[in-house]
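# Structural overview
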Amino acid sequence: MEEKMIDLQPFTDKVESLKAAIGSVIVGQEKSVDLVLATILARGHVLIEGVPGVAKTLLAKMIARLIDADFSRIQFTPDLMPSDVLGTSVFDMKTSEFSFHAGPVFADIVLVDEVNRAPAKTQSALFEVMEERQATIDGTRHLMSEVYTILATQNPIEQEGTYKLPEAQLDRFMMKISIPYPTLDEEIEILNRHNLNARLTKVDDVKPVLTKAELIEMFDYVDKVYIETTLIRYIATVIQQTRDSKAVFLGASPRASVALLQSSKAMAMLHGREFVTPEDIKTVAPYVLQHRLLLTAEAEMEGHTPLKVIQRLIEKVEVPK
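These remarks concern the structure in this document. (Residues numbered from 1 in each chain as written. Predicted model: local features only at pLDDT ≥ 70, side-chain atom pairs only at ≥ 80, totals over all residues. Heavy atoms only, no water.)

In this section: the overall build of the protein chain. The helix and strand tally for the protein chain stands at 14 helices and 13 strands. Relative to its length of 321 residues, the protein chain is compact, with a C-alpha radius of gyration of 21 Å against a globular reference of 20 Å. Summarising its shape, the C-alpha atoms of the protein chain cover approximately 70 × 50 × 45 Å along the three principal directions. With the model as given, the accessible surface of the protein chain reaches about 16,100 Å², and the carbon-plus-sulfur share is 53%. (Helix = DSSP H or I, 4+ residues; strand = E, 2+ residues; numbered from the N terminus. Rg over C-alpha atoms; globule rule 2.2 N^0.38 Å. Areas by Shrake-Rupley, 256 points an atom, 1.4 Å probe, with all protein chains shown as cover.)

Structure representation (structure tokens):
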């Protein structure tokens, strides 16, 4: 245990700078911010869900702005084609050769806005790039950077003009985070900021606080976070419960257990610890698992939701001492 100790002070200072910058633009949402940061540090992609106007896109843009890396935004629409996302090969009359013109998916941080508005054909363009951080186009493999991250948003209420995300794609998101409405006090603070325009910080005015090299260094920090074998067994048991539950038709995959492990380590670091506690696992588990489970028809008819089922399953598993 001693030799696994790491100095988290440089990391802690950077995290505080990130949170302070986000707080200068976005009111509240501290838990959502922690979950998004944990996902990025665990080298995962995140799906941010919420009704219009709760700052889903603003949160994604802010985080992308604070990391000094290439950023692109793709607005998914029903008429978007895979080539609009990945890029296409164009014939050059001068050289009589095809040259590849990269699409917006080729960046370090990619914001996919309203991901459920594009049909399955276009959504499938993200399958390979999300899982393997590479894109194979016309037989040529194009590698993404080490910090490659997709931040996707979707509106859970509106059904017209939307397409259900395939389970295979949902499974590629490390976490699904729901942005709630602000509290009364937060709403008042939002109104005060808009009323006193001098206190309203614009996203474009925010300067990056983290370089790509520093983010890659943080990835290494996460890998060094210590987790006891009893907690690894605890994670595996929670995952097994999702497969054995009578309320669940499709349980969590091994990819989910790895995501739970990595995001727990990242959450421990965000709290200034170099070791994982059961509380870290219980904090991230609902967001790692809720979008990966399919409930039985009977469970849905009884009013159960994946989130409620997961919370009940976690409570059934004995926490290691």
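Having seen the model, we can carry on.
In this section: helix 3 (residues 56-66). Of all 11 residues that make up helix 3, eight are buried, and the element is covered over most of its length. For helix 3, the complete set of buried residues consists of Lys56, Thr57, Leu59, Ala60, Met62, Ile63, Ala64 and Leu66. (Buried < 20%, exposed > 50% of the residue type's maximum accessible area, 1.4 Å probe, protein only.)

Turning our attention to helix 11 (residues 254-270). Helix length check: helix 11, at 17 residues, gives a terminal C-alpha distance of 25 Å against a target of 24 Å (1.5 Å per residue), a fit within 8%. One or two positions beyond helix 11, positive phi appears at glycine 272, with a value near 75 degrees. (Expected span 1.5 Å × (residues − 1).)

Our next topic: the packing of aromatic side chains. Taken as a whole and judged by the stated rule, the model has zero aromatic pairs. Above the plane of the ring of phenylalanine 275 lies arginine 273, whose end atom (NZ or CZ) is 5.8 Å from the centre. (Phe/Tyr/Trp six-rings, centres within 6.5 Å; stacked < 30°, edge-to-face > 60°. Lys NZ or Arg CZ within 6 Å of the ring centre and 35° of its normal.)

To continue, consider the packing of helix 1 (residues 9-23) against helix 2 (residues 30-41). Where helix 1 contacts helix 2, the axes come no closer than 12 Å and their chain directions differ by 135 degrees. Between helix 1 and helix 2, the angle falls in the class oblique. Handedness of the crossing formed by helix 1 with helix 2: right-handed. Packed against helix 1, whose contacting residues are Phe11, Leu18, Lys19 and Ile22, the element helix 2 presents Val33, Asp34, Leu37 and Leu41 at the interface. Grouping the constituent residues of the contact of helix 1 with helix 2 by class yields six nonpolar, no polar and two charged. (Axes fitted to C-alpha atoms, helices over the stretch in contact; angles between N-to-C directions. Parallel < 35°, antiparallel > 145°, perpendicular 65-115°, else oblique. Left-handed = near helix turned anticlockwise from the far one by under 90°. Contact = heavy atoms within 4.5 Å. Nonpolar A, V, L, I, M, F, W, Y, C, P; charged D, E, K, R; others polar.)

We now examine unusual backbone geometry. The general pattern is negative phi for most residues beyond glycine and trans for most peptide bonds. The phi dihedral of glutamate 114 falls on the positive side, at around 55 degrees, and the residue is not glycine. You can see glutamate 114 is positioned in the loop between strand 6 (109-113) and helix 5 (120-123). Positive phi values are uncommon outside glycine, yet arginine 133 reaches one of about 50 degrees. Relative to the elements of secondary structure, arginine 133 occurs in the loop between helix 6 (127-132) and strand 7 (134-137).

A separate point is the pattern of salt bridges. Tallied over the entire structure, the rule returns 12 salt bridges. A salt bridge links lysine 212 to aspartate 108; its shortest N-O distance comes to 3.4 Å. One end of the pair, lysine 212, is in helix 9 (residues 212-224); the other, aspartate 108, is in the loop between strand 5 (97-102) and strand 6, with 104 residues separating them in the sequence. One salt bridge in this structure joins glutamate 189 and arginine 193, with 3.0 Å as the shortest N-O distance. Taken together, the residues span about one helical turn, with glutamate 189 and arginine 193 both in helix 8 (residues 184-195) at a distance of four residues. Through salt bridges with shared partners, a single ionic network connects Glu131, Asp171, Arg255 and Arg292. (Salt bridge = Lys/Arg side-chain N within 4 Å of Asp/Glu carboxyl O.)

Within a regular strand, side chains alternate between the sheet's two faces. Along strand 1 (residues 46-49), one buried face is formed by Val46 and Ile48 and the opposite face, lined by Leu47 and Glu49, is buried too. Where strand 1 lies against strand 9 (residues 149-154), four bridges are found, and the strand directions are parallel. Note on strand 9: the bridge partner recorded for valine 46 is leucine 151. Where strand 1 meets strand 10 (residues 175-178), four bridges bridge the pair, whose relative direction is parallel. The residue of strand 10 that forms the bridge with leucine 47 is lysine 176. (Pairing = 2+ DSSP bridges.)

Another aspect to go through is the environment of glutamate 302. Within the secondary structure, glutamate 302 sits in the loop between helix 13 (297-301) and helix 14 (306-316). Residue classification places glutamate 302 among the exposed residues on the basis of a relative accessible area of 59%. Each C-alpha atom of the pair glutamate 302 and serine 264 lies 31 Å from the other, and the pair is 38 residues apart in sequence. One polar contact links glutamate 302 to histidine 304, side chain to side chain, over a distance of 3.3 Å. (Polar contact = N/O pair within 3.5 Å; in protein donor to acceptor, adjacent residues only side chain to side chain.)

Here we take up the environment of methionine 301. Within the secondary structure, methionine 301 is located in helix 13. Overall, methionine 301 belongs to the exposed group, its relative accessible area being 74%.

One open sheet accounts for five strands, arranged 3-6-9-1-10; its pairing is parallel. On the outer flanks of this sheet lie strand 3 (71-75) and strand 10, each paired with one strand and no other. Strand-to-strand, the axes of this sheet are offset by a mean angle of 20 degrees, without reference to chain direction.

A word on a nonpolar patch on the surface. A cluster of nonpolar side chains, contributed by Phe91, Met93 and Phe98, occupies part of the molecular surface with about 400 Å² of accessible area. Looking at the secondary structure, you find phenylalanine 98 in strand 5. (Patch = residues over 30% accessible without salt bridge, like charges linked within 9 Å, V, L, I, M, F, W, Y side chains within 5 Å.)

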